[in-house]
Amino acid sequence: KGGEIDLVARDGDNVVFVEVKKSKDFARAAESLSSRQMQRIWTAASEFLADEPRGQLTPSRFDVALVNAQGQIDVIENAFAA
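Predicted model, so just to flag it, every value in this text is computed and none were measured.

With respect to the pattern of salt bridges
Alright, step 1. Under the definition given, this model contains six salt bridges.
Alright, step 2. In this structure, glutamate 77 and arginine 61 form a salt bridge, with 4.0 Å as the shortest nitrogen-oxygen distance. Here the residue glutamate 77 occupies a position in the segment after strand E4 (73-76), and arginine 61 occupies one in strand E3 (residues 60-67), the gap between them amounting to 16 residues.
Alright, step 3. The buried category is assigned to arginine 61, whose relative accessible area is 16%.
Alright, step 4. Overlapping salt bridges, with partners in common, bring together Asp11, Arg61, Asp63 and Glu77 in one network.

A look at unusual backbone geometry
Alright, step 1. The phi torsion at asparagine 78 lies on the positive side, around 55°, for a residue other than glycine.
Alright, step 2. Within the secondary structure layout, asparagine 78 lies in the segment after E4.
Alright, step 3. A relative accessible area of 40% means that asparagine 78 is categorised as partly exposed.

Concerning the pairing of strand E1 (residues 7-11)
Alright, step 1. The sheet contact formed by E1 and strand E2 (residues 14-22) spans five bridges and is antiparallel. Note on E2: the bridge partner recorded for leucine 7 is valine 18.
Alright, step 2. Between E1 and the antiparallel strand that follows it, E2, lie two residues; glycine 12 among them carries a positive phi value of about 65°.

The rules behind these values
- Residues numbered from 1 in each chain as written.
- Predicted model: local features only at pLDDT ≥ 70, side-chain atom pairs only at ≥ 80, totals over all residues.
- Heavy atoms only, no water.
- Salt bridge = Lys/Arg side-chain N within 4 Å of Asp/Glu carboxyl O.
- Helix = DSSP H or I, 4+ residues; strand = E, 2+ residues; numbered from the N terminus.
- Buried < 20%, exposed > 50% of the residue type's maximum accessible area, 1.4 Å probe, protein only.
- Pairing = 2+ DSSP bridges.

Structure follows, in structure tokens:
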């Protein structure tokens with residue numbers, strides 16, 4: 001209901017939700033992530049966590065993978081906390 005999440009991964013006990021943004025450069029890719037989109041991702045992640053054994057208490061974080069025109073990737077861990 002909340003929307004889509006590009007990638008869901010595990011890092012030990014943590015569930016990691018990753019949003020991938022591509023543009024000419026890393027700065028433009030980062031700028032393309034709106035607060036409205038972050039809210040939709042947050043809602044989708046909450047729905048995902050509801051099915052985890054610990055529910056909303058499951059350790060989790062939100063990363064953003066920025067991709068530039070050359071295909072280079074810059075991952076910002078815990079990006080939504082900033």
